[in-house]
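Notes for the structure review
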Amino acid sequence: MGVLMSRRQTVERVQKVSLAVSAFKDGLREQPSTRRRAEAGTARQGTLEQEVQEGEEEALAGPSQPEESSAGKAAWERLRDGRGVEPEEFERANRFTPPAFIRPKRELHDDEPPDISLEQREQILNDEMCEICEVWTAESLFPCRICHRVYHDGCLRRMGYLQKDSAVEVTETAHTETGWSCYYCDNLNLLLTEEEMYSLMETLRNCKIIPESCLTLDDFLHYKHQVHKQQFERTMPEAQEEQAALQFNALDPDKKGHIEWQDFLSHESIQLLQKIRPQNALLRLLTPKERERARAAFLALDQDNDGFIGEGECRQARHTWFRKHQKEMLSCNVSISHVGPISEGSPASSRNGKSPEKILPATKQEEIRSIDWPRFLRENVAYILAARPNSAALHLQPLA
């Protein structure tokens, strides 16, 4: 088909060439001549003596950490920049340049309650061109189930975001009820601002957590104990330790005995968002697709159409619908813009002939229906966000 180059790629290539030329010119200007080197011999000798003295002072100041000299520093930089992929492991030939993630910034009106109507449905429209190459090829595009972006599988491979073991999963789930999250939405850490990310990195450093490493149950509990002691200056109670153990099991659905770094990072990111930001600010993070799913879930539970549901029904939605989309859902022919729940395992299936008795126990049906649409959103927004990653892990374990 030939080489296709979008406007974005052309601009990026021109910028890279310009930067390389500028750096080369700056190097020529800063390079001292032979005569200058000879005249500056004495000054250079003094500089070397100063460097030796500074090195001795650093040695006396404290022990060095060689483990962070190269690989460790690179890992911390990837954590700070929000890169979930290690570009050093990829061969650069025939690969696109990974995007530079820009962390969000808090706005003045973020804490104000957003206007999310229950009656007014939102029109869901996906992009028509691939987010990476900006080329339209219709049915071969893979839509993200969270945002409006679409992708070619070949472009995802060249970006390094689609490896051999995940290629089949993407092609099987992108056009199904389960859906597939793109590399923007899959990484919950990208929801943090620079200030919030700095706070998280400080906590990880103080607790001696090594980036991009797996954590066992002992490591996870030890970390939780340290965080609790630093925050409250007392030992973590047994009830919270049991809850932390349940969260570890939720992050390790395959029972491997450890949790992956990306799952741990997503869990800590959503936990930090819950602690720092008010619920109104979290509601502003929801995408139109997520809001439509929430509407469908609430309307399915509101059998009386009075605008209220019970607390048990709200907890059930939290444990089933918002916890994680089920991976065992069968493939179906759906349009790119389809986002509504249609499977029997979703709450919306009760609208299609399912009676509420088959969903809720009798004791739950008699409870006071006191939760309206705004409260339903506020109490479940964290679980909606936590369900974004493609991982089978539950990054926010619902309370019993």
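Computed from a prediction, not measured in an experiment: that's the story for all the values here.

Some details on the overall build of the protein chain
What the protein chain contains, in helices and strands, is 15 helices and four strands. Here the protein chain, with 400 residues, has 38% of them falling under the buried criterion. A separation threshold of at least 6 residues defines the contact pool for the protein chain, and within that pool the share at least 24 residues apart is 76%. Accessible area of the protein chain: about 23700 Å², with a carbon and sulfur share of 52%.

What about the environment of M129?
Within the element layout of this structure, M129 appears in the loop between α4 (71–81) and β1 (141–143). Accessibility expressed as a relative area gives 45% for M129, which makes it partly exposed. In the structure, M129 is positioned 22 residues away from Y151 in sequence and 7.7 Å away in space, judged by C-alpha atoms.

With respect to the packing of aromatic side chains
In this structure the tally under the stated criterion is 10 aromatic pairs. Ring geometry for Y183 and Y184: centres 4.8 Å apart, planes at 35°, overall tilted. Plain terms: the ring middles of Y223 and F264 are 5.3 Å apart, the flat faces sit at 75° to each other, and that makes the pair edge-to-face. Linking Y223 in helix α8 (residues 217–232) with F264 in helix α10 (residues 261–276), this pair joins segments that are 41 residues apart in sequence. Note on F264: relative accessible area 1%, which makes it buried. An aromatic cluster of three or more residues is present, and its members are F220, Y223, F248, W261 and F264. Above the face of the Y184 ring, R149 is positioned so that its terminal group lies 4.1 Å from the ring centre.

So, the nonpolar core
Across soluble globular proteins, nonpolar side chains have a tendency to be buried as a group. Grouped together as the largest cluster of nonpolar side chains are 52 residues, with contacts concentrated most on L79, L204, I209, F264, F322, W373 and F376. Among the elements that line this core, the one with the most residues is helix α15 (residues 373–386), at nine residues. In this structure I209 touches W76, L204, L215, Y223, W261 and F264, once residues within four positions along its chain are discounted. Grouped together as the second largest cluster of nonpolar side chains are 22 residues, L141, V150, C155 and C182 included.

Some thoughts on the environment of Q120
Checked against the element boundaries, Q120 lands in the loop between α4 and β1. When its relative accessible area of 58% is taken as the criterion, Q120 is described as exposed. With 172 residues separating them along the chain, Q120 and E292 place their C-alpha atoms 9.9 Å apart.

What counts, and at which threshold
- Residues numbered from 1 in each chain as written.
- Predicted model: local features only at pLDDT ≥ 70, side-chain atom pairs only at ≥ 80, totals over all residues.
- Heavy atoms only, no water.
- Helix = DSSP H or I, 4+ residues; strand = E, 2+ residues; numbered from the N terminus.
- Buried < 20%, exposed > 50% of the residue type's maximum accessible area, 1.4 Å probe, protein only.
- Contact = heavy atoms within 4.5 Å.
- Areas by Shrake-Rupley, 256 points an atom, 1.4 Å probe, with all protein chains shown as cover.
- Phe/Tyr/Trp six-rings, centres within 6.5 Å; stacked < 30°, edge-to-face > 60°.
- Lys NZ or Arg CZ within 6 Å of the ring centre and 35° of its normal.
- Core = buried A, V, L, I, M, F, W, Y, C linked by side-chain atoms within 4.5 Å.

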